[in-house]
Amino acid sequence: MPELNILEAVRLGMDEEMERDERVMVLGEDVGKKGGVFGATEGLFAKYGAKRVLDTPLTEAMIAGAAAGAAIYGLRPIAEMQFADFVYPAFNQIVSEISRMRYRSNGTFGLPMVIRMPYGGGVHGALYHSQSNEAYFTSTVGLKVVAPGTPADAKGLLKAAVRDPDPVMFFEHKKTYRLFKAEVPDGDTVVPIGKADVARPGTHLSIFCYGLMRTFALEAAETLAREDGIEAEVVDLRSLRPLDTEAILASVEKTSRALVVHEANRFGGFGAEVAALIAEEGFEHLDAPVTRLAGPEVPGVPFHHNLEDWFMISPAKIVDAARALAAY
Amino acid sequence: MPELNILEAVRLGMDEEMERDERVMVLGEDVGKKGGVFGATEGLFAKYGAKRVLDTPLTEAMIAGAAAGAAIYGLRPIAEMQFADFVYPAFNQIVSEISRMRYRSNGTFGLPMVIRMPYGGGVHGALYHSQSNEAYFTSTVGLKVVAPGTPADAKGLLKAAVRDPDPVMFFEHKKTYRLFKAEVPDGDTVVPIGKADVARPGTHLSIFCYGLMRTFALEAAETLAREDGIEAEVVDLRSLRPLDTEAILASVEKTSRALVVHEANRFGGFGAEVAALIAEEGFEHLDAPVTRLAGPEVPGVPFHHNLEDWFMISPAKIVDAARALAAY
Amino acid sequence: MVAKETATTPPHVELGLTDDDVRAMYRQMLLARAVDERMWLMQRAGKIAFIISGQGHEGAQVATAWPLRPGQDWMAPYYRSIASAITFGMSAEDIVTAHLAKGDDVSSGGRQMPGHYGGAPYNIVSLSSPVGTQVLHAVGIAMGAWVRGEDVVTLTSFGEGTANQGEIHEAMNFAGVHRLPVVFVCENNGYAISVPLDQQVGGGNVAARAAGYGMTGVTVDGGDVLACYRAARDAHARARAGDGPTLIEAHVVRMTSHSSDDDQRRYRDPAEVEALKERDPISIFGDQLRGWGLLDEEVDTQLRADVKAEVNDASKRAEARPDPDVATALRHVYAEEQHDA
Amino acid sequence: MVAKETATTPPHVELGLTDDDVRAMYRQMLLARAVDERMWLMQRAGKIAFIISGQGHEGAQVATAWPLRPGQDWMAPYYRSIASAITFGMSAEDIVTAHLAKGDDVSSGGRQMPGHYGGAPYNIVSLSSPVGTQVLHAVGIAMGAWVRGEDVVTLTSFGEGTANQGEIHEAMNFAGVHRLPVVFVCENNGYAISVPLDQQVGGGNVAARAAGYGMTGVTVDGGDVLACYRAARDAHARARAGDGPTLIEAHVVRMTSHSSDDDQRRYRDPAEVEALKERDPISIFGDQLRGWGLLDEEVDTQLRADVKAEVNDASKRAEARPDPDVATALRHVYAEEQHDA
Ligand SMILES: Cc1ncc(C[n+]2csc(CCOP(=O)(O)OP(=O)(O)O)c2C)c(N)n1
Ligand SMILES: Cc1ncc(C[n+]2csc(CCOP(=O)(O)OP(=O)(O)O)c2C)c(N)n1
Ligand SMILES: [Mg+2]
Ligand SMILES: [Mg+2]
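Criteria and cut-off values
- Residues numbered from 1 in each chain as written.
- Chains lettered and ligands numbered in written order.
- Predicted model: local features only at pLDDT ≥ 70, side-chain atom pairs only at ≥ 80, totals over all residues.
- Heavy atoms only, no water.
- Near = heavy atom within 4 Å.
- Polar contact = N/O pair within 3.5 Å; in protein donor to acceptor, adjacent residues only side chain to side chain.
- Areas by Shrake-Rupley, 256 points an atom, 1.4 Å probe, with all protein chains shown as cover.
- Contact = heavy atoms within 4.5 Å.
- Buried area = accessible area lost by both parts, 1.4 Å probe.
- Salt bridge = Lys/Arg side-chain N within 4 Å of Asp/Glu carboxyl O.
- Helix = DSSP H or I, 4+ residues; strand = E, 2+ residues; numbered from the N terminus.
- Donors = N, O, S within 2.8 Å, 3.2 Å for Na, K, Ca; no water.
- Tetrahedral: all angles 85-135°; square planar, octahedral: opposite > 155°, others 65-115°.
- Least-squares fit on C-alpha atoms with pLDDT ≥ 70 in both.
- Buried < 20%, exposed > 50% of the residue type's maximum accessible area, 1.4 Å probe, protein only.
- Pairing = 2+ DSSP bridges.
- Axes fitted to C-alpha atoms, helices over the stretch in contact; angles between N-to-C directions.
- Core = buried A, V, L, I, M, F, W, Y, C linked by side-chain atoms within 4.5 Å.
- Right-handed = clockwise from strand over helix to strand, strands pointing away.
- Domains from an automatic or database assignment.

Draft legend 1. Summary view of the site of ligand 1. Neighbouring ligand 1 are 21 residues; B:Glu60, C:Tyr78, C:Tyr79, C:Thr162 and C:Tyr191 lie closest to it. Mapping the residues near ligand 1 onto chains gives chains B and C. Between ligand 1 and B:Glu60 there is a distance of 2.5 Å, counted from a nitrogen atom to a side-chain nitrogen or oxygen. In the environment of ligand 1, an oxygen atom lies 2.6 Å from a nitrogen or oxygen atom belonging to the side chain of C:Thr162. The fraction of the free accessible surface of ligand 1 (580 Å²) that becomes covered by protein chains is 96%.

Laid out in structure tokens, this is it:
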């Protein structure tokens with residue numbers, strides 16, 4: 001098993017899928033010769049050529065819409081949005097078309113396609129290179145949404161996404177790209193969409209998270225165990241839609257306390273769904289209010305490092321929230 | 001006090017605001033000579049001329065973006081999206097630009113503008129003329145979002161929206177347009193954004209709703225009172241962002257049971273935020289799980305009347321959900 | 001081309017069409033019109049909720065769809081495309097079934113409004129309502145064929161109001177960059193609901209935009225069926241030859257209100273509406289055929305009777321089909337089997 | 001025009017520019033370049049996080065901004081628009097302050113990344129990162145001026161990659177329909193990050209799109225400052241006269257990598273990069289001025305020293321400004337007072 005970082009895992013996942021299935025292609029801005037602005041597609045252009053690794057014009061609606069057309073035609077496109085922040089020009093295609101194609105055609109047109117998007121802050125990207133905009137997609141019926149937090153999940157979920165008969169929004173937290181290396185199972189290991197991962201078992205409270213927050217939550221859990229004797233269970237949701245409600249409720253049943261953590265702002269964020277689910281279906285098990293820890297209610301991550309630090313979730317903030325919840 | 005329906009109230013609100021302030025203008029598709037596809041702008045073209053009631057090309061990004069530019073310039077545009085379903089081409093302008101302009105410019109550029117959108121189902125409009133897509137906007141920091149359920153609120157909130165220094169998304173449930181007439185206070189009565197309305201006081205449980213659901217919830221409450229002796233408190237949220245959390249928590253404190261009702265699908269819908277809020281901040285008062293009654297998890301309202309009836313929330317469905325909650 | 005023309009070669013023959021071809025084209029136009037008119041009747045009778053009409057567009061539609069190869073080429077049409085869809089393989093019964101929103105409607109199983117043509121068996125992409133989105137699907141199909149090196153041409157159509165949507169620009173630009181095998185047909189009927197051309201299209205000329213994408217742009221009179229056919233045939237050949245996409249702007253007439261929800265008397269002069277009849281492509285093409293000696297009163301009457309019978313029959317069968325079963329309403333949100341294809 | 005030309009009239013005079021004007025234009029170019037170069041130094045020194053450069057665009061920018069009337073006209077520029085912004089009123093200190101993300105930065109108070117020009121006091125619209133969005137704001141301002149009957153011209157600029165965004169199409173079409181007083185400047189530097197023109201722009205000619213909106217399109221060499229000025233002056237006059245918008249495509253060079261996060265050696269030939277120096281608008285314009293007898297070594301040296309001193313001074317003052325106060329981070333999400341304006 002090689003040790004890879006998340007960026008390498010994503011790249012290897014694409015490479016293996018392109019090798020396995022010649023219908024798989026990659027398209028997006030600067031994905032070709034340059035290999036992507038983060039390097040996620042590095043080497044693929046040389047290996048698969050300019051058509052299967054297609055540098056598109058600077059037009060996101062076209063990227064999504066043409067990917068949809070190609071999927072109708074029988075290909076299995078992986079479209080890249082250069083930053084999740086730049087997906088909005090494609091929103092009409094994604095929400096009006098891609099999410100609804102199967103339902104509206106009574107199952108006769110499916111869209112096996114993936115949209116990869118680097119998201120998240122902490123990289124001095126300010127309001128428009130830092131967004132965590134997953135809630136727009138998790139609330140959209142017909143899409144699947146995943147957000148891996150480890151290299152193994154990045155590769156395994158990417159493979160699942162490429163093979164999925166339905167459209168998958170694939171969120172890659174850009175701060176995790178080179179954050180750490182970890183073992184990635186060799187070969188064709190697919191991580192199924194729809195299953196959470198208990199990243200750390202615990203008994204006193206549950207922390208629900210995904211993406212970069214997995215790393216932060218695990219770090220916080222260590223601190224809580226060490227300094228407070230609080231054993232936090234860290235549940236990495238990984239798949240946001242479909243959501244592994246069973247795993248969530250099982251954890252709440254065990255710990256009776258739920259902390260939902262994400263980087264996006266709180267009001268109407270994805271955490272609202274997780275919290276509402278727990279409040280509704282886990283009510284009898286709860287010994288404390290479901291608590292959300294989320295980014296502040298501002299329209300984006302501000303640039304100056306003072307302000308960015310203020311914005312970002314950190315292990316310390318998770319520790320504080322968990323302590324308050326445990327003490328409830 | 002005249003009796004008006006919601007469509008007339010919206011129209012009168014615009015008319016009075018245009019008369020009061022010559023910076024107010026209306027723009028959108030077919031808003032001019034035709035008076036809008038629902039007739040909301042009927043008569044305004046004749047009264048204010050082709051520039052202040054501007055028929056635009058069939059281009060929603062342009063409508064939103066030009067309205068933003070006009071607001072920067074000092075006008076107070078009211079932009080119409082012909083259907084809420086057709087707002088997505090403008091999503092980039094709304095989310096990237098309109099919601100963030102003030103924050104990103106450190107308060108130096110504000111955008112006093114309104115985007116009106118007919119939303120909701122029950123009118124045989126199928127997947128693309130029935131959407132309740134408020135959650136995309138309520139989760140967007142920097143926007144305000146309102147959804148009136150009565151003629152008086154429609155007019156009063158529209159006036160507040162036009163005068164608001166920030167962008168307001170104005171959702172009009174198209175099935176309510178001509179559903180009933182009710183008294184509308186004469187003249188310059190402004191309904192403040194951010195305040196809920198207790199449409200019917202009650203003691204046994206609280207129903208949180210907006211738009212068409214207000215009418216249905218009130219009808220359900222009558223049935224519940226008559227048939228079950230259950231006194232439901234109906235809280236019309238009206239303003240979804242900012243949300244009147246005080247009013248919500250006060251009602252929960254009183255009734256200890258919360259039912260959140262909307263027409264949009266449940267997963268990640270606006271109700272998730274309301275439920276999560278109650279679960280978190282009203283935890284101590286709850287005698288039963290916060291319950292959501294929402295549209296089914298399908299990508300849109302299907303057309304055939306069988307299917308549409310299946311989809312729609314009805315007073316009967318609210319009665320059933322309320323009974324189950326009261327019996328918990 | 002010019003050298004071949006002689007006083008005795010009828011224009012369709014010069015274009016490589018047989019007498020039967022042009023009569024068949026005429027019949028398709030009649031059929032589309034008859035279906036369309038039937039839909040209005042059914043709408044007034046309360047049997048269908050909504051109708052959006054192709055009346056006045058039939059000439060351009062039949063002619064531009066004519067070169068397509070069913071089962072091989074693709075089509076991403078729009079809501080006025082009754083005649084295009086019929087020409088490319090849908091039956092009158094399919095169309096009526098969709099309007100009645102029956103459970104086994106090939107387009108959507110009764111889930112979509114009338115006018116949302118689509119059909120997997122026919123290579124017709126399922127259409128939504130937000131205008132213009134289908135144009136990117138067409139370009140994506142063309143991209144797929146180009147990537148795979150397959151001989152497939154995709155035709156897509158839309159109105160002149162829709163031509164201003166940003167997605168159309170992105171689609172045409174991309175098609176221009178890679179010379180993709182796609183044919184764009186703008187059916188310019190002068191109105192987008194109530195908004196006339198001069199308030200809709202800067203400069204008033206949609207085909208003029210082709211030059212800005214490095215593609216061929218052609219303007220044709222939608223009342224001139226053979227001119228439309230010639231443009232489409234050339235565009236199809238150009239696409240197959242790797243010579244890139246074509247934008248055809250066909251000037252057509254919208255003979256009805258925008259839809260059954262609209263009343264065009266609110267924004268259109270009665271004289272203007274009256275004058276539309278003169279531009280009805282069916283009468284124009286009929287007159288041409290008569291002029292070329294390919295149609296006489298008897299044949300015309302027979303064709304119209306045939307078409308009427310076909311529509312009667314289609315309607316009867318469609319009405320007998322089952323309504324959608326509510327138990328299926330939750331199906332097909334996602335694939336029902338997770339197959340690794 | 002031609003009639004007035006004589007062998008002795010220098011070209012700028014013929015355009016109505018004085019000797020001082022053209023020297024001032026040259027100085028603005030030098031200043032923009034000096035600020036730009038300073039930003040790279042500061043970036044390498046770790047003082048600023050990111051820089052996106054206007055080097056190679058200065059001639060087109062100064063010239064197209066020159067006709068604008070500060071305090072009356074408006075500008076919606078883009079991230080390479082250092083020279084445009086400086087010409088329209090921003091100071092070198094404003095630019096450095098924004099790059100350092102200081103708390104009193106006029107563009108955003110340190111909230112936005114470098115390159116996001118904007119300034120309410122200067123009528124420069126606050127810019128975001130999604131490319132092209134500002135073009136609709138420009139058109140909206142122009143619409144506002146048109147609705148109110150006010151004499152205001154708006155200039156907006158963007159790259160040739162951005163020209164393909166759907167919003168640009170919608171903006172230009174709308175401006176074309178109502179002949180709005182707006183000037184579109186496409187600064188075509190041949191690349192959108194790594195993607196070259198021929199994979200980006202169908203047909204390769206952005207100005208050719210103007211015809212499709214019924215507006216004037218002009219292609220100019222961005223190394224020819226006076227040609228750019230002439231195009232902009234005419235466009236400004238056209239806008240004021242109600243004769244509609246203009247699309248100016250200026251062929252410029254991107255002399256640096258796309259940004260400090262990019263390395264153009266990955267996708268651009270070294271020889272190509274080397275050859276860019278020959279197209280540096282500053283040397284070209286300097287040579288021209290020398291040829292017209294308006295610049296000598298001494299004046300040039302003096303100007304460069306001046307500009308350097310200005311940038312030194314600006315940097316020193318900017319660096320001394322306070323960082324943003326975290327206590328303000330929640331401010332200005334909504335208006336702080338609900339005033340009925
Ligand atoms: C994105 C979007 N905006 C608005 C509408 C509402 N609408 C439906 S058809 C139409 C007019 C279309 O005009 P045109 O493109 O000229 O086609 P025509 O109907 O004239 O054939 C409008 C505005 C829509 N369907 N989609
Ligand atoms: C909507 C959107 N997509 C992608 C990006 C990332 N991006 C920033 S600049 C750029 C290239 C712009 O090229 P061009 O318009 O030619 O301008 P230039 O930088 O060459 O001056 C890209 C792809 C973005 N900022 N916005
Ligand atoms: Mg039309
Ligand atoms: Mg460029």
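Draft legend 2. How the structure looks around the interface of chain C and chain B. Counting from both sides, the interface comprises 33 residues of chain C and, opposite them, 30 residues of chain B. Contact with chain B buries surface across chain C, with C:Met113, C:Gln165 and C:Arg266 losing the most and accounting together for 18% of the total. At the boundary of chain C with chain B, the tally comes to two salt bridges. Between C:Arg266 and B:Glu42 there is a salt bridge, and its shortest N-O distance comes to 3.7 Å.

Draft legend 3. A look at the interface of chain B and chain A. At the interface, 51 residues of chain B touch 51 residues of chain A. With both sides pooled, the region where chain B packs onto chain A buries about 4500 Å², and carbon together with sulfur makes up 59% of that total. In this structure, the connection of chain B to chain A is made through 10 salt bridges. Here B:Glu281 and A:Arg266 are joined by a salt bridge, their closest N and O atoms 3.8 Å apart. Looking at the side of chain B that touches chain A, the elements with two or more residues in it are α4 (91-98), α5 (101-104), α6 (135-138), β12 (239-241), α10 (270-281) and β14 (291-295) of chain B. Looking at which element gives the most residues to the side of chain B that touches chain A, the answer is α10(B), with nine residues.

Draft legend 4. Structural detail: the coordination of the magnesium ion (ligand 4). All names here are of chain D. For the magnesium ion (ligand 4), the full set of protein donor atoms is Glu-160 (OE), Glu-160 (OE), Asn-189 (OD1) and Tyr-191 (O), at a range of 2.0 to 2.7 Å. Around the magnesium ion (ligand 4) sit six donor atoms; with metal-centred angles ranging over 52 to 178°, the donor geometry is irregular. Mapping the donors of the magnesium ion (ligand 4) onto the primary sequence gives the spacing E-x28-N-x1-Y. Of this pair, Glu-160 sits in the loop between β2 (154-159) and α7 (166-178) while Asn-189 sits in the loop between β3 (182-188) and β4 (191-192); the two residues are 29 residues apart in sequence, bridging distant segments of the chain.

Draft legend 5. Region of interest: the relation of the copies chain B and chain A. Mapping chain B onto chain A calls for a screw motion: a turn of 180° about the axis and a shift of 0.0 Å along it, with 0.0 Å RMSD after fitting. Both chain copies can therefore be described as sitting about a two-fold axis. Taken together, the interface assignments show that 100% of the residues at the interface of chain B recur at the interface of chain A, consistent with an identical surface on both copies.

Draft legend 6. Quick look at the pattern of salt bridges. Overall, the coordinates contain 112 salt bridges over all chains when judged by the stated rule. Notably, a salt bridge pairs D:Asp262 with A:Lys34, separated by 2.4 Å at the nearest N-O pair. Here the residue D:Asp262 occupies a position in the loop between β7 (246-251) and α9 (270-275), and A:Lys34 occupies one in the loop between β2 (24-28) and α2 (44-52), the pair thus bridging two chains. Here D:Asp262 matches A:Lys34 in class, with each residue buried.

Draft legend 7. Seen up close, the coordination of the magnesium ion (ligand 3). Residue and element names in this part refer to chain C. In this structure, Glu-160 (OE), Glu-160 (OE), Asn-189 (OD1) and Tyr-191 (O) serve as the protein donors to the magnesium ion (ligand 3), at separations of 2.1 to 2.7 Å. Note that the magnesium ion (ligand 3) binds six donor atoms; their angles at the metal cover 52 to 178°, and the shape is irregular. One chain supplies every donor to the magnesium ion (ligand 3), and in sequence these donors are spaced E-x28-N-x1-Y.

Draft legend 8. Main features of the sheet that holds strand β2 (residues 154-159) of chain C. Residues and elements named next belong to chain C. Ordered by their spatial adjacency, five strands build an open sheet running β1-β2-β3-β7-β6, and the pairing between neighbours is parallel. Each of the sheet's edge strands pairs with one partner strand only, and the pair in question is β1 (74-76) and β6 (216-221). Ignoring which end each strand starts from, the neighbouring axes of this sheet average 20° apart. Of the strand pairs in this sheet, strand β3 (residues 182-188) and strand β7 (residues 246-251) are connected by six bridges, and their pairing is parallel. Bridge assignment links Val-185 to a residue of β7, and that residue is Ile-248. Of the strands in this sheet, β1, β2 and β3 touch helix α6 (residues 133-148), which is tilted by about 165° from β2.

Draft legend 9. Quick look at the nonpolar core. The biggest cluster of nonpolar side chains holds 186 residues, and the ones touching the most others in it are A:Phe137, B:Phe137, C:Met143 and D:Met143. The next biggest cluster of nonpolar side chains, apart from the first, holds 61 residues, and it includes C:Ala235, C:Ile248, C:Ala314 and C:Ala318.

Draft legend 10. View of the sheet that holds strand β4 (residues 76-80) of chain A. Residue and element names in this part refer to chain A. Taken together, seven strands build an open sheet; the order of strands is β3-β2-β4-β5-β7-β6-β12 and the sheet is mixed. Edge strands, defined here as strands with exactly one partner in the open sheet, are β3 (53-55) and β12 (239-241). Within this sheet the neighbouring strands show an average axis-to-axis angle of 20°, counted without direction. Pairing between strand β6 (residues 144-146) and β12: two bridges, direction antiparallel. Across the sheet, residue Val-146 finds its bridge partner in β12, namely Ser-239. In the packing of helix α3 (residues 60-73) onto the sheet, the strands contacted are β2, β4 and β5 (114-119), and the crossing angle to β4 comes to about 170°.

Draft legend 11. Main features of the environment of D:Val135. Along the chain, D:Val135 falls in helix α6 (residues 133-148). When near neighbours in sequence (up to four residues on either side) are disregarded, D:Val135 contacts D:Thr156, D:Phe158, D:Ile168, D:Ala171 and D:Phe184.

Draft legend 12. Molecular detail of the site of ligand 2. Residues in close proximity to ligand 2 total 21 residues, the closest being A:Glu60, D:Tyr78, D:Tyr79, D:Thr162 and D:Tyr191. Flanking ligand 2 are residues from chains A and D. One of the backbone N or O atoms of D:Ser129 is found 3.0 Å from a nitrogen atom in ligand 2. D:Gly161 places a polar main-chain atom, nitrogen or oxygen, 2.9 Å from an oxygen atom of ligand 2.

Draft legend 13. Representation of the pairing of strand β14 (residues 291-295) of chain A within the structure. Residues and elements named next belong to chain A. Summarising burial for β14: five of the five residues are buried, a large majority. The pairing of strand β13 (residues 258-265) with β14 spans four bridges and is parallel. Paired with Leu-259 across the two strands is Thr-291, which belongs to β14. In this fold, β13 hands off to helix α10 (residues 270-281), which returns the chain to β14; that crossover is right-handed.

Draft legend 14. Region of the structure containing the domain arrangement of chain A. All names here are of chain A. What the domain assignment lists for chain A is domain 1 (3-183) and domain 2 (197-326). Relative to domain 2, the C-alpha centre of domain 1 lies at a distance of 26 Å. Each partner contributes to the interface: domain 1 provides 34 residues, whereas domain 2 provides 25 residues. For the pair domain 1 and domain 2, the summed buried area comes to about 2100 Å², and 59% of that belongs to carbon and sulfur atoms. One can count one salt bridge joining domain 1 with domain 2. Where Arg-238 meets Asp-153, a salt bridge forms, and the shortest distance between an N and an O atom there is 3.0 Å. Seen at the junction of domain 1 and domain 2, the total is 13 residue pairs in polar contact (both at pLDDT 80 or more). Listed by contribution, the elements that provide at least two residues to the side of domain 1 that touches domain 2 are α6 (135-138), β6 and α7 (151-163).

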